[in-house]
Amino acid sequence: MASTVDSAAEQLSKLGIDGAFADSAPNLKKNLHLLSSEQVELAKMLMEMGQSHLFEKWAAPGVDDNEKRAFFDQVAKLNSSYPGGLKSYIKTARELLADSKAGKNPFDGFTPSVPTGEVLKFGDDTFINYEQAGVKEAKNAAFVLVAGGLGERLGYNGIKVALPAETTTGTCFLQNYIECILALQESSCRLAEVSNLAISNVNASVYEEVSTFMLLSSNNIYLKFVGKCQEIPFAIMTSDDTHSRTQELLESNSYFGMKPTQVKLLKQEKVACLDDNDARLAMDPKNKYRIQTKPHGHGDVHALLYSSGLLKEWHDAGLKWVLFFQDTNGLLFKAIPASLGVSATKQYHVNSLAVPRKAKEAIGGITRLTHADGRSMVINVEYNQLDPLLRATGFPDGDVNCETGYSPFPGNINQLILELGPYMEELKKTGGAIKEFVNPKYKDASKTSFKSSTRLECMMQDYPKTLPPSAKVGFTVMDTWLAYAPVKNNPEDAAKVPKGNPYHSATSGEMAIYCANSLILRKAGAQVDEPVQEVFNGQEVEVWPRLTWKPKWGLTFSEIKNKVSGSCSVSQKSTMVIEGHNVILEDLSLNGALIIDSVDDAEVRVGGKVQNKGWTLEPVDHKDTSVPEEIRIRGFKINKLEQLEKSYSEPGKFSLKP
């Protein structure tokens, strides 16, 4: 026993810890001899930061010794994964908790105004020009998906990116995202090749990958050339909950056609929970040798990209843009080309994708904030903060609609486009750390204790908070039907949403895809029937024709418009699936189900009258466990009664006219 005491005394002496200080954690003092020098340093840091309570229930030496070492393994991970370490985390937490208790307004001294941005109208010349510019820039871009969440909130036990975006084809969100990136990659490559060939005065839609065919839609001449596309990098931020399952989803599906070397997974670590206003770290209620942890928020993506070296790698490869998006918005890539075109044309350092927003609608507003001391920034302000902020700064009516019928502050959808060079320079200063916030749930008005532990959080879209006034920060507004249909609510919660407000459920997300595709096809010249109203899982939704196509068939409006000609019509009961690249709709009358699959080198012209019993939607109960959960959370399943299905596996020209 004396040797243990002597060893502890020796450790204390080496660390410069006096006896009185060590006596505040007697159980730690007894166990110091078990720890490595690095672990003892961590213990000293915890003691200095007022965390002696972590050792109160430690057993005597010889009992649970491996658990004690594992505790410091966890502390080491928490310390290394947070910019500035645990000491910085605790210090920041105390400051933010003090502000929260005092009721300090983070916007004190700031006056809101409407920032500068672009409001686009789908399909007009400006939109088409921005799309073209965006496709051209895509080869210089990298994409980052924030995918740290499970689908439990949706009533789905898998990872959210594995959930089908729509059930007509069963394509999951991750597959859709990858196929969109690959389509952009090929389109950008083809556009670069066309420019290099200096082909002019031709309305060209170009097809293929490495050995490429180009279809000149005006006279069907094919030009063949050889070129190699620059691969677009794709990073995915995962978490402990999603990392292995995301890896498995990719590997079991051959990365959905993307090269494995294009994809990088970056795992986000959790942060320590906080028990009180003094930022005492919370113990895991199930293990006295573990600190309770929770997710830090998707703002961690910036620090991960910086610390991993990916940003430098992309910059050295000549890339110019980084596009961030979240995990369950099936419409997003319909808005990406034009938004990227806006960034390139306007030379925005930061471009936030946005949608029209009704005053006081429950979605954050993109706002310019100018401080009395001259500071300014363009950031997202949450809807419940924007209205009182406006009222407090000389706008007595608060957040109200303007002459457009919408609030002048566009709705933030948490999709960002950053210019890589300025982004890297900013992260060199911050290490990727994002301004944090804390949201404790207090037991009572005294604000002295919490109902449960809290933690610091950060959000991806708060990156602009640290930017200098010289930074060019703007936004791009798209129609909601084109750009935003997140899937984040379970059937029960969605059914409680007041009528007229978005459900943001698997039901509404799928119907939004059919709506967008129908409206795009209508804008391209086809006659598409109006939707009918139906109720699934207690949600009244518009049911449009179930139209789907692979991104390679048409990612931009120009591509789609060039593939629709003559008098085409689609009935409301119809389903159409286009799996091929070069499928042209000519005088097609569709009243049923049509599925076309073709290899890239096959040109298939589809016309005439297609009529059959088609595919119908049959209601299902979301509580019916005999139905797979990815189906029952939608409230309907597809009955495939009859369809015309054709597959073309050889190159050549083909015509399908029943």
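Remember, predicted model here, so these are calculated numbers, not experimental data.

Caption draft 1: Summary view of the packing of aromatic side chains. Following the criterion strictly, the structure yields 24 aromatic pairs and no others. Pairing Phe-71 with Phe-72 gives two aromatic rings, centres 5.0 Å apart and planes at 90°, and the pair type is edge-to-face. Take Phe-71 and Phe-72: they sit in the same class, and that class is buried. Ring pairing ties together the aromatic residues Phe-143, Phe-173, Tyr-177, Phe-234, Phe-325 and Phe-333, which thus form one cluster. Geometry around Tyr-406 places Lys-358 over its ring, the cationic atom sitting 4.7 Å from the centre.

Caption draft 2: The arrangement of the sheet that holds strand 33 (residues 644–648) in detail. The parallel open sheet is built from four strands, whose spatial order is 24-27-29-33. Each having just a single partner strand, strand 24 (546–549) and strand 33 make up the two edges of the open sheet. For this sheet the average axis-to-axis angle between neighbouring strands, irrespective of direction, equals 5°. Inspection of the sheet shows strand 24 paired to strand 27 (residues 575–578) by four bridges, in the parallel sense. Note that in strand 27 the partner of Thr-548 across the bridge is Val-577. Those strands touched by helix 17 (residues 506–523) are strand 24 and strand 27, and its axis lies near 80° from that of strand 24.

Caption draft 3: Structural view of the packing of helix 10 (residues 300–308) against helix 14 (residues 420–430). At their nearest, the axes of helix 10 and helix 14 sit 11 Å apart, and the two run at 90° to each other. Here helix 10 lies roughly perpendicular to helix 14, going by the angle between them. For the pair helix 10 and helix 14, contact is made by His-302, Leu-305 and Tyr-306 and by Tyr-423, Leu-427 and Lys-428, respectively. Tallied by class, residues from the contact of helix 10 with helix 14 come to four nonpolar, one polar and one charged.

Caption draft 4: The arrangement of empty space enclosed by the protein in detail. For the structure on display, the rule yields four cavities of 30 Å³ or more. Its boundaries defined by the atoms lining it, the largest cavity holds a volume of some 420 Å³. Lining the largest cavity are 29 residues, and of these Asn-176, Lys-334, Asn-517, Trp-549 and Pro-551 lie nearest its centre. Counting only elements with at least two residues in the lining of the largest cavity, the list comes to helix 8 (173–197), helix 12 (332–346), helix 17, strand 24, helix 18 (557–561) and strand 27.

Caption draft 5: The pairing of strand 11 (residues 287–291), seen in detail. Where strand 10 (residues 283–284) and strand 11 come together, two bridges link them in antiparallel fashion. When the bridges of strand 11 are listed, Asp-284 appears paired with Asn-287. Where strand 10 folds back on strand 11, the antiparallel hairpin that results is connected by two residues.

Caption draft 6: Structural context of the side chain of Lys-334. Along the chain, the position of Lys-334 falls in helix 12. Buried charge without a salt bridge: Lys-334, with Glu-131 as the nearest opposite-charge side chain at an N-O distance of 9.5 Å. Side chain to side chain, Lys-334 and Asn-517 meet in a polar contact 2.7 Å long. Non-local contacts of Lys-334, meaning those with residues more than four positions away in its chain, are made with Glu-131, Leu-482, Ala-516, Asn-517 and Ile-520.

Caption draft 7: Quick look at the nonpolar core. Core analysis: the biggest nonpolar cluster contains 95 residues, and Phe-143, Leu-174, Phe-234, Phe-333, Leu-521 and Leu-585 have the highest contact counts within it. Considering each element in turn, this core owes the most residues, 10 residues, to helix 8. Apart from the residues within four sequence positions on either side, Leu-585 is in contact with Trp-553, Lys-563, Val-564, Ser-565, Cys-568, Met-576, Ile-578 and Val-606. Ranked by size, the runner-up nonpolar core spans 37 residues in total, among them Leu-42, Leu-46, Leu-78 and Leu-456.

Parameters and conventions
Residues numbered from 1 in each chain as written. Predicted model: local features only at pLDDT ≥ 70, side-chain atom pairs only at ≥ 80, totals over all residues. Heavy atoms only, no water. Phe/Tyr/Trp six-rings, centres within 6.5 Å; stacked < 30°, edge-to-face > 60°. Buried < 20%, exposed > 50% of the residue type's maximum accessible area, 1.4 Å probe, protein only. Lys NZ or Arg CZ within 6 Å of the ring centre and 35° of its normal. Pairing = 2+ DSSP bridges. Helix = DSSP H or I, 4+ residues; strand = E, 2+ residues; numbered from the N terminus. Axes fitted to C-alpha atoms, helices over the stretch in contact; angles between N-to-C directions. Contact = heavy atoms within 4.5 Å. Parallel < 35°, antiparallel > 145°, perpendicular 65-115°, else oblique. Nonpolar A, V, L, I, M, F, W, Y, C, P; charged D, E, K, R; others polar. 1 Å grid on protein atoms, 1.4 Å probe; cavity = no way out; pocket = protein on both sides within 12 Å on 5 of 7 lines; lining within 4 Å. Points joined across faces, edges and corners; volume = space filled by probe spheres on them. Lys, Arg positive; Asp, Glu negative; His and termini not counted. Salt bridge = Lys/Arg side-chain N within 4 Å of Asp/Glu carboxyl O. Polar contact = N/O pair within 3.5 Å; in protein donor to acceptor, adjacent residues only side chain to side chain. Core = buried A, V, L, I, M, F, W, Y, C linked by side-chain atoms within 4.5 Å.

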